[in-house]
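# Residue-level structural notes
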Amino acid sequence: MFGDFMGMMGKLKETQEKVKQTKERLHTVLVDEQSADGLVKVTITANRELKSITIDDSLLEDKEQLEDYLILAINKAIDKATNINETELAAVAKEGMPNIPGMDSLFK
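Fair warning: this is a prediction, and the values are worked out from it, not measured in the lab.

## Digging into the pattern of salt bridges
All chains considered together, the criterion is met by six salt bridges. Salt-bridge contacts for glutamate 88 lead to arginine 25; the nearest nitrogen and oxygen are separated by 2.4 Å. Placement of glutamate 88 in helix α2 (residues 63-96) and of arginine 25 in helix α1 (residues 2-26) is noted, with a sequence separation of 63 residues between them. The partly exposed category is assigned to glutamate 88, whose relative accessible area is 29%. According to the relative accessible area criterion, arginine 25 is partly exposed, its value standing at 39%. A salt bridge links lysine 51 to glutamate 49, with the nearest nitrogen and oxygen atoms 3.2 Å apart. The class for glutamate 49 is partly exposed, based on a relative accessible area of 36%. Several salt bridges converge on common partners, so that one network encompasses Glu33, Lys76 and Lys80.

## A word on the side chain of glutamate 33
Topologically, glutamate 33 is positioned in strand β1 (residues 30-34). Residue contacts for glutamate 33: discarding those within four places in its chain leaves Val40, Lys41, Val42, Ala73, Lys76, Ala77 and Lys80.

Definitions and cut-offs
- Residues numbered from 1 in each chain as written.
- Predicted model: local features only at pLDDT ≥ 70, side-chain atom pairs only at ≥ 80, totals over all residues.
- Heavy atoms only, no water.
- Salt bridge = Lys/Arg side-chain N within 4 Å of Asp/Glu carboxyl O.
- Helix = DSSP H or I, 4+ residues; strand = E, 2+ residues; numbered from the N terminus.
- Buried < 20%, exposed > 50% of the residue type's maximum accessible area, 1.4 Å probe, protein only.
- Contact = heavy atoms within 4.5 Å.

The following block contains the structure:
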């Protein structure tokens, strides 16, 4: 029994390290998003860190329209990045979990 516990603790530590490595790798995964007409483009990492914003000059004359474009494009990018982030981290966590009945439903 004690050996099983030590094995589980070792697996938990290994999983924690894999989660840490995955989080670091997600800093390099770039998510690009743009407005429907391509006038605003944003790039963020899968960890939801904003990397760049490109704005077409035609939008610089209308502050409200520019703000709307930015909000829409950034929110779409955040949604995509969040999905990638959660999927990757859940896969690593599930891989490292011991076989406990009912736990599979938490990672679906």
